[in-house]
Amino acid sequence: LRAKLRDRLAFQGAQRLVSLGGAATLMQAPGPQDGIEPLRRAVAAKIQRDYDQAFDPESEIVITSGATGGFAAAMLALCQPGDEILLHSHIYGAVLKTAEHIATRTGAVITSAELPFPDPSVESIVAAFAAAVTPRTRIVIVDHITSPGALVLPLEQLVAVFREAGVPVLVD
């Protein structure tokens, strides 16, 4: 997954999406697309310290100018025509707009897990996402706390579903 992501990043100076526990994660900070070298080194050191995983700050860490740029980079890196970007029915508007732009640009298709509302259970949320994952799903984007309804999504259970399916997940 690391090599595929690195090879397909679409913006100048991008060097890495960090992979932690099977889920693609982006570190974000202000600055140029390739990040400030001391910041990349600090991120690598923190990952080593906190997760006991070593990453090369020169070739394996990307610093983006914000969450939207990070989401766009991940989707561009992973999506080809016909691939699916899985969102959910309570997704934050800026994430939806970014996904729509990337889908138009890459030929990917946006799909959505319909979250039960107003009184969902952990099981019903997990079931909604599990039912929406297909062999064409290339990335899942999940809000930890949804914008319109303030649902707190069960990340541990959701990430386990996506990991089992072999699909990277980005959490906002």
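Residues numbered from 1 in each chain as written. Predicted model: local features only at pLDDT ≥ 70, side-chain atom pairs only at ≥ 80, totals over all residues. Heavy atoms only, no water.

(A) Expanded view of the pairing of strand β7 (residues 137-142). Taken across its six residues, β7 has five buried, putting it largely inside the fold. Note that β7 and strand β8 (residues 169-171) share three bridges and pair parallel. Residue Val140 lies in a different strand from β8, and its bridge partner there is Val169. Read as a crossover between parallel neighbours, the route from β7 over helix α6 (residues 155-165) to β8 is right-handed. (Buried < 20%, exposed > 50% of the residue type's maximum accessible area, 1.4 Å probe, protein only. Helix = DSSP H or I, 4+ residues; strand = E, 2+ residues; numbered from the N terminus. Pairing = 2+ DSSP bridges. Right-handed = clockwise from strand over helix to strand, strands pointing away.)

(B) View of the pairing of strand β5 (residues 84-88). For β5, a buried count of five out of five residues is recorded, marking the element as mostly surrounded by other parts of the structure. The pairing of β5 with strand β6 (residues 109-113) spans five bridges and is classified as parallel. From the neighbouring strand, Leu87 faces β6, where its bridge partner is Ser112. In this fold, the crossover linking β5 to β6 by way of helix α4 (residues 93-106) has right-handed handedness.

(C) Layout of unusual backbone geometry. Put simply, Phe117 and Pro118 share a cis peptide bond, and its omega is 20°. Inspection of the secondary structure assignment puts Pro118 in the loop between β6 and α5 (122-132). A positive phi angle, near 55°, is found at Ala150, a position not held by glycine. Along the polypeptide, Ala150 turns up in the loop between β7 and α6.

(D) Main features of α4. Across its 14 residues, α4 extends 20 Å between first and last C-alpha, which sits within 8% of the 20 Å expected from 1.5 Å per residue. Among the residues making up α4, those that are buried are Val95, Thr98, Ala99, Ile102, Ala103 and Thr106. Angularly, the buried residues of α4 cover 135° about the axis, an arc narrow enough to put them on a single face. Exposed residues pointing more than 90 degrees away from the buried face of α4 are listed as Lys97, Thr104 and Arg105. Looking one or two residues past α4, Gly107 carries a phi angle of roughly 85°, positive in sign. (Expected span 1.5 Å × (residues − 1). Arc of directions from axis to C-beta.)

(E) Structural context of the packing of α5 against α6. Here α5 crosses α6 at 25°, and the two axes come no closer than 10 Å. Judged on the interaxial angle alone, α6 and α5 are roughly parallel. Seen from above, α5 lies across α6 with right-handed handedness. Contacts between α5 and α6 involve Val122, Ile125, Val126, Phe129 and Ala130 on the former and, on the latter, Gln157, Leu158, Val161 and Phe162. Class assignment of the residues belonging to the contact of α5 with α6 gives a composition of eight nonpolar, one polar and no charged. (Axes fitted to C-alpha atoms, helices over the stretch in contact; angles between N-to-C directions. Parallel < 35°, antiparallel > 145°, perpendicular 65-115°, else oblique. Left-handed = near helix turned anticlockwise from the far one by under 90°. Contact = heavy atoms within 4.5 Å. Nonpolar A, V, L, I, M, F, W, Y, C, P; charged D, E, K, R; others polar.)

(F) Geometry of the packing of helix α3 (residues 67-78) against α4. Two numbers describe how α3 lies on α4: the axes approach to 10 Å, and their chain directions differ by 30°. If you check the angle between α3 and α4, you find them roughly parallel. Considering the relative orientation of α3 and α4, their crossing is right-handed. Of the residues in α4, those touching α3 at Thr68, Phe71, Ala72, Met75 and Leu76 are Val95, Thr98, Ala99, Ile102, Arg105 and Thr106. Residue classes in the contact of α3 with α4 are distributed as seven nonpolar, three polar and one charged.

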